Amino acid sequence: MPLLPRPATARLLAAAVRPASRRLGPASARTYADEGAHDRSVQPDPKSSTSDAPSAKPGDSAMIRQQGPAEGAPRHKPDYDVAVDYRTSKFSPIPMRVMDGSEPGEAVAAAVLSGAPTELQARTVRIYRPAKTATQSGTWHGHHWRMDWDVLEKGHRWENPLMGWQSSADFMQGTHLNLNTKQDAIDFANKQGYEYFVQEPNERRIVPKAYANNFLHSPKRLKHIRTK
Amino acid sequence: MINPTYLAQKTRTSVNWADARRRVIKSYRDWLRAAPEIQQMYSLNMPVSAIRTKARQEFERHRYVAQLPTVDVLITKSNEEYQETMNYWKQLTHVLKYFRAEDDPKARLPHNFVAGFLEGRN
């Protein structure tokens, strides 16, 4: 991003339509804006707003198209021009977009500040509820949500030439994040700039049964004879 | 009485965008002014202009940040890096990690899919 020559008009791009702020997935699930559904920790009112930022000011005409067709298109493809950081290697996947703090919303952009490698924003994350273990011990472990990283295309595993041990270039392999609710997990993925998909759990269907129902009288022909 | 170390900055938040802008530009000017000293201190084999370009690049990376608290944290990080560099608390590897993209061809992203495919990224 800083290596491309930026024309003067590029600075007039509104933060909301700038290509770096585009995201995949339904817009309603990917914004930081407080949806009012639940009350997160109370924060003091901000004294300055995002409209004071050095970006497009109200008064710029909305009729004049300020970005070319290539910039307005949604990003499905990897962005090869994204700024690299010092941890990029030949195993790093190419990100679709890297968060740069210009996204609208009130949340602090953790992806910008955390110092995490930008290649983490290239990797897809699966948010799911781990299945209950198939024993009769109960459902104690089946209620939390887990975040899991997809396997790298290259470098997730190879055999060490000396001893034959499994070596890996994937620092997130075997890492799980456990969170309490699905919304927490989605907020975390949004905050850190991860591409995510949510896998809904298979809910257990418990059919209430009564043994006495086997012996009920039925005026029609019985489809299945349950008694002898 | 705590004596702060040399170049330590007191933590503070910016009052408004104009204040943040002043602090960012002050931090940037400190880096530019310190570039010859960094080159001499760490015996870097690059011209002073390369160090200044890298400082500019790092500041440009966050040019479009829209939230003031984020800008505050970035200014704090810039001041921390500045203190660590100028007090010689860093080592050569810590300084050179910012220049990996120029030195190491494996530390760059390819230009397009075909270039990446030919170099072996699947």
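Model, not experiment: these values are computed from the prediction.

Turning our attention to the overall build of chain A. Across its full length, chain A carries four helices and six strands. Listing the helices and strands of chain A from first to last along the sequence gives α-α-α-β-β-β-β-β-α-β. Considering chain A as a whole, with its 228 residues, one finds that 30% of them fall into the buried category. Long-range contacts, defined here as pairs at least 24 residues apart, represent 67% of the contacts in chain A between residues at least 6 apart. When the accessible surface of chain A is totalled, it reaches about 15600 Å², and 57% of it is carbon and sulfur.

Residues and elements named next belong to chain B. Relative to each other, helix H1 (residues 17–42) and helix H3 (residues 68–86) sit at 20°, their axes nearing to 10 Å. When the axes of H1 and H3 are compared, the pair comes out roughly parallel. Once H1 is placed against H3, the crossing between them reads as left-handed. Residues Trp-17, Ala-20, Arg-23, Val-24, Ser-27, Asp-30, Trp-31, Ala-34, Glu-37, Ile-38, Met-41 and Tyr-42 of H1 touch H3, and the partners they reach there are Leu-68, Val-71, Asp-72, Ile-75, Ser-78, Asn-79, Glu-81, Tyr-82, Glu-84, Thr-85 and Met-86. Residue composition of the contact of H1 with H3, by class: 13 nonpolar, four polar and six charged.

A few words now on the packing of aromatic side chains. Residues and elements named next belong to chain A. For the structure on display, the rule yields nine aromatic pairs over all chains. Taken together, a centroid distance of 5.7 Å and an interplanar angle of 20° make the contact between Phe-91 and Trp-158 stacked. Here Phe-91 is found in the loop between helix H2 (69–72) and helix H3 (110–113), whereas its partner Trp-158 is found in strand S3 (residues 158–159), with 67 residues between them in sequence. Given the relative accessible area of 36%, Trp-158 is considered partly exposed. Seen in terms of ring centroids, Trp-149 and Tyr-194 are 5.7 Å apart; in terms of plane orientation they differ by 75°. Their pairing is edge-to-face.

This part is about unusual backbone geometry. All names here are of chain B. Of note, Ser-43 is a non-glycine position whose phi angle comes to about 50°, a positive value. One non-glycine residue, Tyr-88, lies in positive phi territory at about 60°. You can see Tyr-88 is positioned in the loop between H3 and helix H4 (92–96). When its relative accessible area of 47% is taken as the criterion, Tyr-88 is described as partly exposed.

Note: α-helices contain 3.6 residues per turn, so residues at a spacing of three or four share the same orientation. Within helix H4 (residues 182–192) of chain A the residues assigned to the buried category are Ala185(A), Ile186(A), Ala189(A), Asn190(A) and Gln192(A). After H4(A) finishes, the residue Gly193(A) shows a positive phi value of roughly 80°.

Turning next to the sheet that holds strand S1 (residues 124–128) of chain A. Residue and element names in this part refer to chain A. Taking strand neighbours across the sheet as the criterion, the four strands line up as S5-S2-S1-S6 in an open arrangement whose pairing is mixed. Of all the strands in the sheet, the pair left with one neighbour each is strand S5 (176–179) and strand S6 (195–199). Averaged over all neighbouring strand pairs, the angle between strand axes comes to 25°, with direction disregarded. In this sheet, strand S2 (residues 145–149) lies alongside S1 in antiparallel orientation, the contact comprising four bridges.

All names here are of chain B. On the surface, a nonpolar cluster with roughly 480 Å² of combined accessible area is contributed by Phe-113, Val-114, Phe-117 and Leu-118. Inspection of the secondary structure assignment puts Leu-118 in helix H6 (residues 113–119). Classification of Leu-118 as exposed rests on a relative accessible area of 70%.

Residue and element names in this part refer to chain B. Along its 26 residues, H1 runs 35 Å from first to last C-alpha, staying within 8% of the 38 Å computed at 1.5 Å per residue. At Ala-35, H1 shows its largest bend, some 45°, and a proline, Pro-36, comes one to four positions later. The N-cap residue of H1 is Asn-16: its side-chain oxygen and the backbone nitrogen of Ala-18 are 3.3 Å apart. Remark: Ser-43 follows H1 within two positions and exhibits a positive phi of approximately 50°.

Mapped onto the elements, Arg61(B) comes out in the loop between helix H2 (48–60) and H3. The buried category is assigned to Arg61(B), whose relative accessible area is 15%. In this structure the side chain of Arg61(B) is engaged in a polar contact, spanning 3.2 Å, whose partner is the backbone oxygen of Val84(A).

What follows deals with the pattern of salt bridges. Evaluated as defined, the whole model comprises 18 salt bridges over all chains. One salt bridge connects Lys182(A) with Glu200(A), and the closest N-O pair in it is separated by 2.8 Å. Here Glu200(A) lies in the segment after S6 and Lys182(A) lies in helix H4, a separation of 18 residues in the sequence. The closest approach of N and O atoms between Glu58(B) and Arg61(B), which form a salt bridge, is 3.2 Å.

All names here are of chain A. On average, chain A scores 76 in pLDDT, and the residues at 70 or more come to 66%. Note that pLDDT drops below 50 for residues 1–31; the model gives that stretch 71 contacts with residues more than four away or on any other chain. Predicted confidence for residues 34–38 stays below pLDDT 50, and this span has four contacts to residues more than four positions away or in other chains.

A few words on the nonpolar core. If you look at the biggest cluster of nonpolar residues, it comprises 15 residues, and the most contacted ones within it are Ile38(B), Tyr42(B), Leu44(B), Ile51(B) and Met86(B). Mapped onto this core, the elements with two or more residues apiece are H1, H2 and H3 of chain B. Not counting the four nearest positions on each side in its chain, Tyr42(B) is found in contact with Glu84(B), Thr85(B), Tyr88(B), Trp89(B), Lys90(B), Gln91(B), Leu92(B) and Val95(B). Counting 13 residues, the second-largest nonpolar core is a separate cluster that includes Trp149(A), Ala185(A), Ala189(A) and Tyr194(A).

Rules used in this analysis
- Residues numbered from 1 in each chain as written.
- Chains lettered and ligands numbered in written order.
- Predicted model: local features only at pLDDT ≥ 70, side-chain atom pairs only at ≥ 80, totals over all residues.
- Heavy atoms only, no water.
- Helix = DSSP H or I, 4+ residues; strand = E, 2+ residues; numbered from the N terminus.
- Buried < 20%, exposed > 50% of the residue type's maximum accessible area, 1.4 Å probe, protein only.
- Contact = heavy atoms within 4.5 Å.
- Areas by Shrake-Rupley, 256 points an atom, 1.4 Å probe, with all protein chains shown as cover.
- Axes fitted to C-alpha atoms, helices over the stretch in contact; angles between N-to-C directions.
- Parallel < 35°, antiparallel > 145°, perpendicular 65-115°, else oblique.
- Left-handed = near helix turned anticlockwise from the far one by under 90°.
- Nonpolar A, V, L, I, M, F, W, Y, C, P; charged D, E, K, R; others polar.
- Phe/Tyr/Trp six-rings, centres within 6.5 Å; stacked < 30°, edge-to-face > 60°.
- Pairing = 2+ DSSP bridges.
- Patch = residues over 30% accessible without salt bridge, like charges linked within 9 Å, V, L, I, M, F, W, Y side chains within 5 Å.
- Salt bridge = Lys/Arg side-chain N within 4 Å of Asp/Glu carboxyl O.
- Expected span 1.5 Å × (residues − 1).
- Bend = angle between axes of the 7 residues up to and from the residue.
- Polar contact = N/O pair within 3.5 Å; in protein donor to acceptor, adjacent residues only side chain to side chain.
- pLDDT = per-residue confidence, 0-100.
- Core = buried A, V, L, I, M, F, W, Y, C linked by side-chain atoms within 4.5 Å.

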